[in-house]
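# Fold and geometry: a report
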Amino acid sequence: MDLGIQKVEVFDAGHFVRVEWEDRNKSCYPCVWLRDNCQCPHCFLRSARARRLLFEDLDVNIVVKEVALADRKKISITWPDEHTSEYEAEWLKKRCFSEEARAEMREDLFLPERQYWGSELQLPKMPFEEIISNDESAYKWLCTLKKVGIVLLTGAATTQGELIKLGNRIGFLRLTFYGPTWQVQDKADANNVAYTTGKLCFHTDYPVLQHPPGVQFLHCIKQTAAGGESEVVDGFHVANKLKKQNPQAYQILSSTAVDYTDVGVDYCDFAVQCKQRIIDVDSRGQAVRINYNNATRDTVFDIPVEKVRSFYKALKEFDDLLNSTEHKFTYKLKPGDIVTFDNWRVLHGRQSYQSGSEVTRHLEGAYADWDVVMSRLRILRKKVLKRD
Ligand SMILES: C[N+](C)(C)CCCC(=O)O
Ligand SMILES: O=C(O)CCC(=O)C(=O)O
Ligand SMILES: [Fe+2]
Ligand SMILES: [Zn+2]
């Protein structure tokens with residue numbers, strides 16, 4: 001069933017071990033890495049699946065004294081100090097250093113695949129009850145959330161508390177200064193522009209936090225008759241467009257640190273300040289997080305005066321692209337709907353609506369971290385696909 005090992009040999013003066021598989025493919029392993037990852041009870045704590053070996057006890061110049069193949073299923077290595085290590089074929093195969101094997105492992109662990117979208121988005125929808133009670137549905141929900149960036153859950157109750165259930169389903173919610181969950185409705189002396197009846201232009205939530213919430217949930221409890229429509233746009237897709245259309249604007253937005261501020265009282269009193277680039281990129285220049293909320297962008301702007309105007313021009317170009325009819329998707333939440341979306345990728349907004357003496361529109365909101373969501377996804381995948 002599993003691929004066996006045909007041959008094992010040492011090369012480069014004992015610094016590498018080469019394994020030849022039954023299909024004649026080969027994998028090379030540096031001895032320092034092999035010694036570092038010895039799976040014996042002295043070097044590895046099984047119950048924690050963690051390394052016991054101290055780095056100070058690792059000789060980074062270590063070479064093999066002896067290597068042997070046992071039954072095509074594992075190799076054993078004797079080190080110069082007579083310590084011995086065993087490595088199973090399947091364990092080694094997964095950890096092969098080839099470009100392809102590493103890419104496969106990377107995809108398996110992090111699910112980096114993205115489906116970009118614009119106004120043609122077919123908003124993915126799933127029944128709330130199903131993802132609460134069924135593991136396969138919950139797995140599908142989280143996979144789609146990762147890949148597309150947005151999923152609408154339908155048929156929740158129209159009372160507060162449904163997001164607590166959703167939080168328990170994944171593990172736990174992210175607490176912020178606005179509370180464990182928060183009520184989006186028109187409030188007197190609003191401590192946030194979201195708590196008015198005004199239009200909210202495209203934004204990501206909470207760029208003022210150094211680690212902005214990865215995932216956002218908005219549960220519609222009450223919806224107003226006129227206005228209050230929701231808008232979403234794929235920020236990564238638009239960032240790619242900007243990079244093509246105006247590389248210089250992309251360069252400015254992905255390198256300029258913008259000041260954000262949020263001061264007030266809610267769950268407790270707060271005075272938060274942060275610097276964020278509006279388009280955060282990885283080492284290859286790919287957008288990995290959008291940090292953009294025009295409401296909390298500080299009046300303080302800590303950049304050289306001669307750079308200010310070109311920053312504004314660059315941001316205008318990005319904002320225009322976000323708002324183009326080609327890119328944005330408009331819908332209206334109904335009571336019982338819960339929109340779940342990637343707050344690092346999808347920007348959201350809402351149309352204004354009429355204020356009145358009573359509350360005509362009420363959403364309950366909450367955040368989760370991607371670490372928690374991805375953790376639940378991996379556990380559900382293992383259960384559903386019965387693997388590993
Ligand atoms: C909705 N609320 C008030 C919890 C946060 C709004 C987003 C922000 O201020 O960045
Ligand atoms: O009211 C809405 O539809 C969205 C609210 C929002 O964006 C927020 O609370 O941050
Ligand atoms: Fe928001
Ligand atoms: Zn060991």
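Preceding this paragraph is the structure being described.
Attention in this report is confined to the structure presented alongside it.

The rules behind the values
Residues numbered from 1 in each chain as written. Chains lettered and ligands numbered in written order. Predicted model: local features only at pLDDT ≥ 70, side-chain atom pairs only at ≥ 80, totals over all residues. Heavy atoms only, no water. Near = heavy atom within 4 Å. Polar contact = N/O pair within 3.5 Å; in protein donor to acceptor, adjacent residues only side chain to side chain. Areas by Shrake-Rupley, 256 points an atom, 1.4 Å probe, with all protein chains shown as cover. Nonpolar A, V, L, I, M, F, W, Y, C, P; charged D, E, K, R; others polar. Helix = DSSP H or I, 4+ residues; strand = E, 2+ residues; numbered from the N terminus. Donors = N, O, S within 2.8 Å, 3.2 Å for Na, K, Ca; no water. Buried < 20%, exposed > 50% of the residue type's maximum accessible area, 1.4 Å probe, protein only. 1 Å grid on protein atoms, 1.4 Å probe; cavity = no way out; pocket = protein on both sides within 12 Å on 5 of 7 lines; lining within 4 Å. Points joined across faces, edges and corners; volume = space filled by probe spheres on them.

### Quick look at the site of ligand 1
- Tyr178, Trp182, Asn192, Tyr195, Asp205, Tyr206, Pro207, Asn293, Thr296 and Tyr367 make up every residue found near ligand 1.
- Within the side chain of asparagine 192, a nitrogen or oxygen atom sits 2.9 Å from an oxygen atom of ligand 1.
- Within the contact set of ligand 1, an oxygen atom lies 3.0 Å away from a side-chain nitrogen or oxygen of asparagine 293.
- Surface burial for ligand 1 is 97%, taken as the share of its 310 Å² of free accessible area covered by protein chains.
- For the shell around ligand 1, the residue count by class is six nonpolar, three polar and one charged.

### What about the site of ligand 2?
- In the vicinity of ligand 2, the residues found are Trp182, Val184, Ala194, Leu200, His203, Asp205, His348, Arg350, Arg361 and Leu363.
- Side-chain polar atom of aspartate 205 to an oxygen atom of ligand 2: 3.0 Å apart, as the coordinates give it.
- The side chain of arginine 350 places a nitrogen or oxygen atom 2.8 Å from an oxygen atom of ligand 2.
- Protein burial of ligand 2: of its 290 Å² of free accessible surface, 96% is covered by the chains.
- When contributions to the shell around ligand 2 are tallied by element, the ones reaching two or more residues are strand E11 (182-184), strand E12 (200-203) and strand E21 (346-350).

### Some words on the coordination of the iron ion (ligand 3)
- The coordination sphere of the iron ion (ligand 3), as far as protein atoms go, consists of His203 (NE2), Asp205 (OD) and His348 (NE2), spread over 2.1 Å.
- Within one chain, the residues serving as donors to the iron ion (ligand 3) are arranged as H-x1-D-x142-H.
- Given a relative accessible area of 10%, aspartate 205 falls into the buried group.

### As for the layout of surface pockets
- One number sums up the size of the second largest pocket: a volume of about 750 Å³.
- Lining the second largest pocket are 22 residues, and of these Phe110, Pro112, Arg114, Lys146 and Val288 lie nearest its centre.
- Taken together, the elements giving at least two residues each to the lining of the second largest pocket come down to helix H3 (99-110) and helix H10 (370-385).
- Among the elements that line the lining of the second largest pocket, the one with the most residues is H10, at four residues.
- Within the lining of the second largest pocket, the residues separate by chemical class into eight nonpolar, three polar and 11 charged.

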